[in-house]
Amino acid sequence: MDYRQTDELSIENLCVDFDTPEGIVHAVRDVSLKVHKGRITALVGESGSGKSVTSLAVMSLLARNGSINNGKIICNGTDLLALSVKERHALNGRTFGMIFQDPGAALDPLFTVEQQMTEGLREHQRISRQEARELSIRYLKAVNLQEPESLLKKRPFELSGGMCQRVMIAMTMALQPDYLIADEPTTALDVTVQKQILRQIYQLCREQEIGILFITHDLGVVAEIADEVAIMQAGQIVENGDVLQIFEHPQHAYTKQLLNAVL
Ligand SMILES: Nc1ncnc2c1ncn2[C@@H]1O[C@H](COP(=O)(O)OP(=O)(O)OP(=O)(O)O)[C@@H](O)[C@H]1O
Ligand SMILES: [Mg+2]
């Protein structure tokens, strides 16, 4: 009998390879990490270390030339790799919410915020247009967007980058996902907006008990919001655990180097 937690996302010994004209790229090698509901796990590492590939593997969104060649992804006790691709994609939205670095790319310039938010909600929940609208307003308020009613009438190009990112967060959170995968969600924003958005992500995590996998290469951000951190280098996790513990007693040379760079 396998006793697994039903309130965690567990990546176990994950290996992801890409088939390229130059040969096989071992992008993710034996990665294990956990995300617990209501807590934030940060995934940190240099460019190309495999952070995004790890998260895309969870959501079954790897590029066509990519494949998972070993390991398990267990979500709320279910072995995701035993499911069909269709079943896995059905988890995106309600089980896994995602926010990416470039909010402009995720919003459709042709449609208003209202159209995008209410349609997204109604795809996943049996609710009326009016209910979807009310829910949208509630979540736009939750990410501190002023005058949500008039905001709903706008199209993405009428909003700043920070506002677009908040709309994305509101859209994602309104679906009340179990887990949120945030891949450098604030990198493109200025420091003040970044701070506000981080605070809102943190609050929503605690209030709605969402488990967050937060990808960043900013250790300052990790110190501010994460409970646990996994440090990645060249496709592998070199160190993994409680944030305070690791910041105070880094064991691996690469972690020490990262910490020295911000001190
Ligand atoms: N479709 C693909 N085909 C071939 N190689 C790929 C593909 N996608 C990713 N890779 C490779 O996998 C490795 C990990 O990439 P990944 O995007 O996960 O890095 P990252 O840690 O997210 O970096 P960054 O901080 O720049 O976003 C890189 O070497 C990248 O070139
Ligand atoms: Mg990336």
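Residues numbered from 1 in each chain as written. Chains lettered and ligands numbered in written order. Predicted model: local features only at pLDDT ≥ 70, side-chain atom pairs only at ≥ 80, totals over all residues.

Enquirer: How do you make sense of the environment of I231 when you look at a structure like this?
Expert: Along the chain, the position of I231 falls in strand β9 (residues 228-233). On the basis of neighbour counts, which here come to 26 C-beta atoms within 10 Å, the residue I231 falls in the buried class. In this structure I231 touches V44, G45, I237, V238, E239, H252, Y254, T255 and L258, once residues within four positions along its chain are discounted. (Helix = DSSP H or I, 4+ residues; strand = E, 2+ residues; numbered from the N terminus. Buried ≥ 20, exposed ≤ 12 C-beta atoms within 10 Å, placed from the backbone. Contact = placed C-beta atoms within 7 Å.)

Enquirer: Where do I start with helix α1 (residues 51-58) in this structure?
Expert: Count 3.6 residues to each turn of an α-helix, and residues three or four apart come out pointing the same way. In terms of burial, α1 is largely enclosed, as 7 of its 8 residues are buried. Within the sequence span of α1, burial applies to K51, S52, V53, T54, S55, A57 and V58.

Enquirer: Got a minute to help me understand the site of ligand 1 in this structure?
Expert: Neighbouring ligand 1 are 16 residues, the closest being A27, S47, S52, V53 and A63. Per-element accounting of the shell around ligand 1 gives the leading share, 3 residues, to α1. When its residues are assigned to classes, the shell around ligand 1 shows 5 nonpolar, 10 polar and 1 charged. (Near = placed C-beta within 6 Å. Nonpolar A, V, L, I, M, F, W, Y, C, P; charged D, E, K, R; others polar.)

Enquirer: Honestly, the confidence of the model for the protein in this entry has me stumped. Any pointers?
Expert: Do not read the predicted coordinates in detail wherever pLDDT is low. Across the protein, pLDDT averages 92, with 97% of residues at or above 70. When the elements of the protein are averaged for pLDDT, helix α3 (residues 103-106) gives the smallest value, 71, and strand β1 (residues 8-20) the largest, 98. (pLDDT = per-residue confidence, 0-100.)

Enquirer: Quick question: what am I supposed to make of the packing of helix α4 (residues 113-124) against helix α5 (residues 129-142) here?
Expert: The packing of two helices is summarised by the inter-axis angle and the distance between the axes. Interaxial distance between α4 and α5 falls to 9 Å at its minimum, and their mutual angle equals 115 degrees. One element, α4, and the other, α5, form an angle in the roughly perpendicular class. You can see that α4 and α5 cross each other, and the crossing is right-handed. Contact residues: α4 offers E114, M117, T118, L121 and R122, while α5 offers R129, A132, R133, L135 and S136. Looking at the contact of α4 with α5, its residues break down into 4 nonpolar, 2 polar and 4 charged. (Axes fitted to C-alpha atoms, helices over the stretch in contact; angles between N-to-C directions. Parallel < 35°, antiparallel > 145°, perpendicular 65-115°, else oblique. Left-handed = near helix turned anticlockwise from the far one by under 90°.)

Enquirer: Would you explain the sheet that holds strand β2 (residues 23-36) in this entry?
Expert: Backbone-to-backbone hydrogen bonds pair the strands of a sheet. The strands run either parallel or antiparallel. In space, the 4 strands of this open sheet follow the order β2-β1-β4-β5, with antiparallel pairing throughout. For this open sheet the edge positions go to β2 and β5 (78-79), each flanked by a neighbour on one side alone. Pairing between β1 and β2: 10 bridges, direction antiparallel. Bridging from a neighbouring strand, L9 pairs with V35 of β2. Strand contacts of α1: β1, β2 and β4 (66-75), with the helix running at about 110 degrees to β1, the strand carrying the most contacts. (Pairing = 2+ DSSP bridges.)

Enquirer: It is not clear to me how the nonpolar core should be interpreted in this structure. Could you clarify?
Expert: Soluble globular proteins: nonpolar side chains tend toward being buried together. Ranked by internal contacts, the top residues of the largest apolar core, which has 72 residues, are A170, A174 and I212. The element that contributes the greatest number of residues to this core is helix α7 (residues 161-174), accounting for 9 residues. Leave out the neighbours within four places in its chain, and A174 touches M117, L121, L135, S136 and Y139. (Core = buried A, V, L, I, M, F, W, Y, C linked by C-beta atoms within 7 Å.)

Enquirer: Before we go on, may I ask you to explain the sheet that holds strand β7 (residues 179-183) in this structure?
Expert: Read from one edge to the other, the open sheet built from 6 strands follows the order β6-β7-β8-β3-β9-β10, with strand pairing classed as mixed. The outermost strands of the open sheet, each flanked by one partner alone, are β6 (96-99) and β10 (236-242). Taking each pair of neighbouring strands and ignoring which way they run, the sheet shows an average axis angle of 15 degrees. Running at roughly 105 degrees to β9, helix α11 (residues 253-262) makes contact with β9 and β10 of the sheet.

Enquirer: Would you mind showing me how to read the environment of H124 here?
Expert: One can find H124 in helix α4. Residue classification places H124 among the partly exposed positions, given that 15 C-beta atoms sit within 10 Å. Each C-alpha atom of the pair H124 and R64 lies 26 Å from the other, and the pair is 60 residues apart in sequence. For H124, the contacting residues outside a window of four places in its chain are G93, R94 and L175.

Enquirer: Is there a simple way to think about the packing of α5 against α7 in this case?
Expert: α7 packs onto α5 with a crossing angle of 125 degrees between their chain directions and a minimal axis gap of 9 Å. With respect to α7, the axis of α5 lies oblique. Read as a crossing pair, α5 and α7 show a hand that is right-handed. Taken together, the residues of α7 that come into contact with α5 (itself represented by L135, S136, Y139, L140 and A142) are A170, M173 and A174. Of the residues belonging to the contact of α5 with α7, the class tally is 7 nonpolar, 1 polar and no charged.

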